[in-house]
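# Residue-level structural notes
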Amino acid sequence: MVKLSPQKLAIPFTGLLNAGVLQQQTLNRSASYSGVGLHSGNRVTMTFLPAPPNSGIRFRRVDLEGKPEIEARVENVVENNRSTTLAKGNTRIHTVEHVLATFAGYGIDNAIIELDANEPSIADGSAREYCKLIESAGIVAQEERREPYIVTAPIELEMGETVMTLFPDDVFKVSCTSADKEGRFTQYYSLEITPKTWERDVAHARTFCFFEEIEFLIKNGLIKDNSLENAVVIREDAVLTNEPLRYPDEFVRHKVLDIVGDLALLGRPVHGHLIAVKPSHAANCELVRRIAAQMRKPLVAAQTFSPPPARNKPAATGAEAGQAEDVVLDVNGIMRILPHRYPFLLVDRITKIEGNHIIGLKNVSANEPFFQGHFPGHPIMPGVLQLEAIAQVAGVLMLRQIENLGKLAYFMAADNVKWRKPVYPGDALVVDVELTKIRGKIGKAKGVCTVQGEVVSEAEVTFMIAEVI
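What this report covers is the structure whose coordinates are included nearby. (Residues numbered from 1 in each chain as written. Predicted model: local features only at pLDDT ≥ 70, side-chain atom pairs only at ≥ 80, totals over all residues. Heavy atoms only, no water.)

### Here's the deal with the sheet that holds strand S7 (residues 85-88)
- Read across the open sheet, the 3 strands follow the order S6-S7-S8; overall the sheet is antiparallel. Of all strands in the sheet, those bounded by a partner on one side alone are strand S6 (77-79) and strand S8 (91-93). Pairs of neighbouring strands in the sheet enclose a mean axial angle of 40 degrees, with direction left out of account.
- In this structure, S7 lies alongside S8, joined through 3 bridges in antiparallel fashion. Opposite lysine 88, over in S8, you have threonine 91 as the bridge partner. (Pairing = 2+ DSSP bridges. Helix = DSSP H or I, 4+ residues; strand = E, 2+ residues; numbered from the N terminus. Axes fitted to C-alpha atoms, helices over the stretch in contact; angles between N-to-C directions.)

Quick look at the structure:
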């Protein structure tokens, strides 16, 4: 693994920068901290490292073979009951929200968080120790520009007892009300998040729980390192803590801390005013998904209302159609979306995605496993596999949408199927698919396969989007 020096990563700078700067930011040097994870109880050493521009925040498990990394993005969230858990393959990182809140609060865009266990240290239940790491490492500006997302229209969310509304604003502001189910310790707090207000007004707020919850949490293995050292415990009307409350409204400020951390999973800063009542990690992450959906709308609208291509332009044929366009997704990108693998992955690249239209390419090699038994003396690609290629390309179009990430597209039906010409080894099969209808979880698409500009097969396919069981 090549390690870049901070000088190659950033423009030297001393101190904590303002969130309003135009450039991206990273750390000036590495810094480490050791402790115990709240939910796992595992000892862990955590190291913050500088990272190149546009790489975002990444967690790296140095205790696992290959040192796998997980991007801090909402599509990698797998659990958010009492904390936020990220996963990629068999690699997991639990309770990431306090660390992410620290980077977001200070306006740090790019960093690597190395861990030798599956959960950052809970420390004292706040972000205080993480702030010390950032201050020790220092922050530097990078050459690439920061691109915050400016909310364009209100986003509303109701989930159980949680109500959240995100309004357009020139800055990032949070107004939050917290309370338990019985309305105890109802608190309200509102502030604009900047590096100064983050460190002074939010970062030191500790996590808290109710006394009656502790027994359940311990019996169900949900906490393994809980004490007054790393959490504030509420018993009836009493507050149990090993030190006085750090803020008179510490509980709601910790809720704001969690919001800042979970919203960092968008992958870029947000400009908007969030009003939240009884927030939760599940609702925070769902709000991120809805923000991401709003981010995509201008692109979809531009594609929908853009003028059609000039009709007098000669169309690319065969392999040209697959190579003339820029590669939108290579095979690695496709495999991050589709569950299919060799020998049943029947699309090598995606060359175009425009609104409800997608084009994929399958290079039919003489080494395809189906040629061994499908007319070996006169090898041709089975028509049903061309139909499967149409379904897979349609699946890429649907499953890449943020609301469908991590789900599966089940092939339900095929209509008006026609096989017109044989496909031979060496052919470049261009799969052109248009989504014609989507209602709830059911989608329909029309696909046409061509070789050298000639139609070899076509079909209308129906599929269902479903959760992974």
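### Observations regarding the sheet that holds strand S21 (residues 357-363)
- Read across the sheet, 6 strands follow the order S20-S21-S23-S24-S25-S22 without closing on themselves; strand pairing throughout is antiparallel. Two strands in the sheet have a free side with no partner beyond their single neighbour: strand S20 (349-354) and strand S22 (408-419). In this sheet, adjacent strand axes meet at a mean angle of 20 degrees when their direction is disregarded.
- Of the pairings in the sheet, the one linking S20 to S21 comprises 5 bridges and is antiparallel in character. Across the sheet, arginine 349 pairs through a bridge with leucine 361, a residue of S21.
- Together, S20, S21, S22, strand S23 (428-439), strand S24 (442-451) and strand S25 (454-466) form the strand contacts of helix H10 (residues 383-399), whose direction differs from that of S22 by roughly 135 degrees. (Contact = heavy atoms within 4.5 Å.)

### Thoughts on the side chain of threonine 85
- Looking at the secondary structure, you find threonine 85 in strand S7.
- For threonine 85, the side chain forms a polar contact with the side chain of histidine 94, separated by 3.2 Å.
- With residues up to four places along the chain from it excluded, the contact list for threonine 85 reads Asn76, Val77, Val78, Glu79, Arg92, Ile93, His94 and Thr95. (Polar contact = N/O pair within 3.5 Å; in protein donor to acceptor, adjacent residues only side chain to side chain.)

### Thoughts on unusual backbone geometry
- Tyrosine 342 connects to proline 343 through a cis peptide bond whose omega is 5 degrees.
- Within the secondary structure layout, proline 343 lies in the loop between helix H9 (331-335) and S20.
- A positive phi angle is found at lysine 278, which is not glycine, with a value near 50 degrees.
- Position of lysine 278 relative to the elements: it lies in the loop between strand S19 (270-277) and helix H7 (281-305).
- Overall, the relative accessible area of 23% leaves lysine 278 in the partly exposed class. (Buried < 20%, exposed > 50% of the residue type's maximum accessible area, 1.4 Å probe, protein only.)

### What about the environment of serine 190?
- Along the chain, serine 190 turns up in strand S15 (residues 187-192).
- Serine 190 sits 17 residues away from lysine 173 along the chain, and the two C-alpha atoms are 7.4 Å apart.
- Ignoring sequence-local partners within four residues, the contact set of serine 190 consists of Lys173, Val174 and Ser175.
- For serine 190, the side chain forms a polar contact with the side chain of serine 175, separated by 2.6 Å.

### Quick notes on the packing of helix H2 (residues 97-106) against helix H4 (residues 195-202)
- Closest axis-to-axis distance for the H2/H4 pair is 7 Å, and the angle between their directions is 140 degrees. One finds that H2 runs oblique with respect to H4. In contact with Ala101, Thr102, Gly105 and Tyr106 of H2, H4 contributes Pro195, Trp198 and Glu199. (Parallel < 35°, antiparallel > 145°, perpendicular 65-115°, else oblique.)

### Some words on the environment of alanine 466
- When you line up the elements, alanine 466 lands in strand S25.
- The buried category is assigned to alanine 466, whose relative accessible area is 15%.
- Along the chain, alanine 466 and tyrosine 410 lie 56 residues apart, while their C-alpha atoms are 7.4 Å from each other.
- If we ignore the near neighbours within four places in the chain, the residues touching alanine 466 are Lys407, Leu408 and Tyr410.

### Some remarks on the packing of H2 against helix H6 (residues 250-263)
- Their axes nearest at 7 Å, the elements H2 and H6 cross at an angle of 80 degrees. Here H6 runs roughly perpendicular to H2, going by the angle between their axes. In contact with Glu97, His98, Leu100, Ala101, Ala104 and Gly105 of H2, H6 contributes His254, Leu257, Asp258, Val260, Gly261 and Asp262.
- Broken down by class, the residue content of the contact of H2 with H6 amounts to 5 nonpolar, 4 polar and 3 charged. (Nonpolar A, V, L, I, M, F, W, Y, C, P; charged D, E, K, R; others polar.)

### A short note on helix H3 (residues 128-137)
- Turning to H3, its buried residues are Glu129, Tyr130, Cys131, Leu133, Ile134 and Ala137.
- As for H3, its buried residues are in contact with strand S1 (23-27), strand S2 (31-36), strand S3 (43-50), H2, strand S10 (139-145) and H4.
- Positive backbone phi, at 80 degrees, marks glycine 138, one or two positions downstream of H3.

### Let's talk about the nonpolar core
- Among the nonpolar cores identified, the biggest contains 63 residues, and Phe48, Phe59, Phe103, Ile113 and Trp198 are the most heavily contacted of them.
- Look past the residues within four positions of phenylalanine 103 in its chain and what remains in contact with it is Leu27, Phe48, Ile57, Ile108, Ala111, Ile113 and Ile134.
- Ile334, Val364, Ala389 and Cys449 belong to the second largest nonpolar core, which has 37 residues in total. (Core = buried A, V, L, I, M, F, W, Y, C linked by side-chain atoms within 4.5 Å.)

### What to know about H2
- Among the 10 residues of H2, 9 are classified as buried, and the element is accordingly described as predominantly covered.
- Those residues of H2 not exposed but buried are Glu97, His98, Val99, Leu100, Ala101, Thr102, Phe103, Gly105 and Tyr106.
- Looking one or two residues past H2, glycine 107 carries a phi angle of roughly 75 degrees, positive in sign.

### A look at the packing of aromatic side chains
- Counted by the stated rule, this structure contains 2 aromatic pairs.
- Ring plane angle 55 degrees and centroid distance 4.8 Å describe the contact between phenylalanine 48 and phenylalanine 103, whose orientation is recorded as tilted. Highlighted residues: phenylalanine 48 in strand S3 and phenylalanine 103 in helix H2, separated in sequence by 55 residues.
- Owing to a relative accessible area of 0%, phenylalanine 48 belongs among the buried residues under this scheme.
- Accessibility expressed as a relative area gives 1% for phenylalanine 103, which makes it buried.
- Taken together, a centroid distance of 4.7 Å and an interplanar angle of 70 degrees make the contact between phenylalanine 370 and phenylalanine 371 edge-to-face. (Phe/Tyr/Trp six-rings, centres within 6.5 Å; stacked < 30°, edge-to-face > 60°.)

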